[in-house]
Amino acid sequence: MDKQDLILLNLFGRVRGYLEPEDHPVSSAEIAQDNHLSIEQTLSLCNDLVQEGFVAISPLNNPPLVYLTLTGLARARRMEATFGFLRQKSAS
């Protein structure tokens, strides 16, 4: 699993309880801290995810906010089903 996948799973873990998770942003600083990355590394990886259509970045906040797109939600759900990562994490 690469760092981009970890970011997607981390984002999904933070917003999965909402009725419309795509409407709930997460601070890029929180994502960086959770994944033990610098904010610069995190934003670079998130920009790659933007190019793939999995996330959107709102630069109106400092640090920027990151949103999962519907495509990103679908990918995160598939990864969760494949790896069982979030179920194990939330069960502990």
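Conventions adopted
- Residues numbered from 1 in each chain as written.
- Predicted model: local features only at pLDDT ≥ 70, side-chain atom pairs only at ≥ 80, totals over all residues.
- Heavy atoms only, no water.
- Salt bridge = Lys/Arg side-chain N within 4 Å of Asp/Glu carboxyl O.
- Helix = DSSP H or I, 4+ residues; strand = E, 2+ residues; numbered from the N terminus.
- Buried < 20%, exposed > 50% of the residue type's maximum accessible area, 1.4 Å probe, protein only.
- Axes fitted to C-alpha atoms, helices over the stretch in contact; angles between N-to-C directions.
- Parallel < 35°, antiparallel > 145°, perpendicular 65-115°, else oblique.
- Contact = heavy atoms within 4.5 Å.
- Nonpolar A, V, L, I, M, F, W, Y, C, P; charged D, E, K, R; others polar.

S.K.: Just checking my understanding: could you explain the pattern of salt bridges for this structure?
M.R.: Side chains carrying opposite charge are able to pair once their charged atoms draw close together. Applying the stated criterion across every chain yields a total of four salt bridges. Two residues, aspartate 34 and arginine 14, come together in a salt bridge whose shortest N-O distance is 2.7 Å. With aspartate 34 in helix α2 (residues 28-34) and arginine 14 in helix α1 (residues 3-15), this pair connects stretches of sequence that are 20 residues apart. Residue class for aspartate 34 comes out partly exposed when judged on its relative accessible area of 33%. Looking at arginine 14, the relative accessible area reads 36%, which means it is partly exposed.

S.K.: What am I meant to see in the packing of α1 against helix α3 (residues 39-52) here?
M.R.: Helix-helix packing is described using two parameters, namely the angle between the two axes and the distance between the axes. Taken N-terminus to C-terminus, the directions of α1 and α3 make an angle of 85°; their axes are 10 Å apart at the nearest point. As judged from the angle between their axes, α1 and α3 are roughly perpendicular. Between α1 and α3, the residues in contact are Lys3, Gln4, Ile7 and Leu8 and Thr42, Leu45, Cys46, Asp48, Leu49 and Glu52, respectively. Among the residues forming the contact of α1 with α3, the class breakdown is five nonpolar, two polar and three charged.

S.K.: Which parts of the structure should I look at to understand the environment of histidine 36?
M.R.: Structurally, histidine 36 is set in the loop between α2 and α3. Separated by 24 residues in sequence, histidine 36 and leucine 60 have C-alpha atoms that sit 24 Å apart.

S.K.: Would you mind going over unusual backbone geometry with me for this structure?
M.R.: Across the chain, the bulk of peptide bonds are trans and the bulk of non-glycine residues have phi less than zero. Between asparagine 62 and the following residue, proline 63, the backbone shows a cis peptide bond with an omega angle of 5°. Among the structural elements, proline 63 can be located in the loop between β2 (55-58) and β3 (65-68). Here histidine 36, not a glycine, exhibits a phi torsion of approximately 55°, which is positive.

Any functional reading would require information beyond the geometric quantities listed.
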